[in-house]
Amino acid sequence: MKGIGLATSPSWYCSKVSGCNVNGLLAFGGRNSIIFLDATAEPPVFLGWICQFRNRINSLAWNVNIERLGCSGDEDGKVHVWDAETQTVIAEKQNIHKNKVTVVDWLCSDVVVAADDRGHIFTWRFSHDDVQYFHPEPQAVTCMSCSPHTSTNIAIGYKSGLLLVFDLSKKGKVLHKLRGHDEEIQSLVWCPNLTDDINKPGDDCVNERDLSRGSLASGSRDRTIRLWCLAKERSLSTLRLPTSNSSRSHGDDQSARSRTYLTLLWPKNMPNELISSSHG
């Protein structure tokens, strides 16, 4: 007789607590574990878990070059690197953060970037146990995305709605400071193609209907999506989420905002389309 098991639920209100690698292996973080599912099956099949963590997992990311490797960060400030094939932690940095890790990402094959709720940003080359520290803004980091085009560039979203792009190769120099969102940034995606905006910094970003002219898109709790032209440090266009039927009938806009978690996907095969969640 086959048994049925219920895995722990994913951590709530985290900008990057689940992800799928190129082979369709889905991972998500929970209270003290990371769960693996085969997302290519219908329905998805449970493949195992890593349950050796002591605190809630707030963020995880797959290595884009080594498909079996992933990294994660937890409530206690620890950052881990794990192997999905053996379902074991292969490296851990215990004192990289004294505060809650809010988001992690991969800068390259052996460098993890982690940020916390006080604005501290660290890079950790786990193969040599080398750590670098940056603190561009003294406020909580809510999301982060490393550029797929320039390996040292990182976009950081903050709780205040501020968006920064900075260069790690220049000691964390801020390249772009973008303002426009009124509340915390919940999602950041780079254009999947190398755009003219990146190739020709002096060019005018004038065609607001062409998404391929933008470098970066952001989603916020203020229920807006902004497409940014980094060359001009301005928003090309702003899209607003439609009001849900329940919010419209009750006239409770503040309640709708509190429930919103706006996530974005910029598909590689559809560079002129953005896919977003709607009502949280």
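In this text the structure is predicted, and so the values were computed from the model without any measurement. (Residues numbered from 1 in each chain as written. Predicted model: local features only at pLDDT ≥ 70, side-chain atom pairs only at ≥ 80, totals over all residues. Heavy atoms only, no water.)

Asks: Explain the nonpolar core to me, using residue names and the numbers behind them.
Replies: Grouped together as the largest cluster of nonpolar side chains are 17 residues, with contacts concentrated most on Leu-107, Val-113, Ile-121, Ile-154, Ile-156 and Tyr-158. Of all the elements in the fold, those that place two or more residues in this core are strand 9 (101-108), strand 10 (111-116), strand 13 (141-146), strand 14 (153-158) and strand 15 (163-167). Discounting residues that sit within four places of it in the chain, Tyr-158 has contacts with Ile-121, Pro-136, Glu-137, Gln-139, Ala-140, Val-141, Thr-142, Leu-164, Glu-184 and Ile-185. By size, the runner-up hydrophobic cluster in this structure holds 15 residues, among which are Cys-71, Val-81, Ile-96 and Val-101. (Core = buried A, V, L, I, M, F, W, Y, C linked by side-chain atoms within 4.5 Å. Buried < 20%, exposed > 50% of the residue type's maximum accessible area, 1.4 Å probe, protein only. Helix = DSSP H or I, 4+ residues; strand = E, 2+ residues; numbered from the N terminus. Contact = heavy atoms within 4.5 Å.)

Asks: Give me the lowdown on the environment of Leu-107, citing residues and values where you can.
Replies: You can see Leu-107 is positioned in strand 9. Between the C-alpha atoms of Leu-107 and Pro-148, which are 41 residues apart in sequence, the distance is 9.1 Å. Setting aside its immediate chain neighbours within four residues, Leu-107 contacts Val-113, Cys-146, Ser-151, Thr-152, Ile-154 and Leu-168.

Asks: Describe the pattern of salt bridges, with residues and values.
Replies: Within the structure shown, the criterion is met by nine salt bridges. The salt bridge partner of Asp-105 is Lys-16, with a shortest N-O separation of 3.1 Å. Separated by 89 residues along the polypeptide, Asp-105 in strand 9 and Lys-16 in the segment before strand 1 (18-20) bring together distant segments of the chain. For Glu-184, the salt bridge identified is with Arg-221, shortest N-O distance 3.4 Å. Taken together, the residues Glu-184 in the loop between strand 16 (173-178) and strand 17 (185-190) and Arg-221 in the loop between strand 18 (216-220) and strand 19 (224-229) connect sequence positions 37 residues apart. (Salt bridge = Lys/Arg side-chain N within 4 Å of Asp/Glu carboxyl O.)

Asks: Run through the confidence of the model for the protein, naming residues and quoting values.
Replies: Overall, the predicted model of the protein reaches an average pLDDT of 84, with 83% of residues at or above 70. Considering each helix and strand of the protein separately, the mean pLDDT is smallest for helix 1 (residues 196-199), with a value of 42, and largest for strand 7 (residues 79-83), with 96. Every residue in residues 196-203 is under pLDDT 50, and counting partners more than four places away or in other chains gives 16 contacts. Counting interchain partners and residues more than four positions distant, the pLDDT-below-50 stretch residues 206-210 has five contacts. (pLDDT = per-residue confidence, 0-100.)

Asks: Pulling in residues and values, what's your account of the sheet that holds strand 8 (residues 88-93)?
Replies: Strand order in the open sheet formed by four strands is 5-6-7-8, with antiparallel pairing between adjacent strands. Sheet topology places strand 5 (57-62) and strand 8 at the edges, where each strand pairs with a single neighbour. Put simply, the sheet's adjacent strands are angled 25 degrees from each other on average, direction ignored. Strand direction decides the pairing type here: strand 5 and strand 6 (residues 69-74), joined by five bridges, are antiparallel. In the sheet register, Ser-59 faces strand 6, and the bridge partner there is Gly-73. (Pairing = 2+ DSSP bridges. Axes fitted to C-alpha atoms, helices over the stretch in contact; angles between N-to-C directions.)

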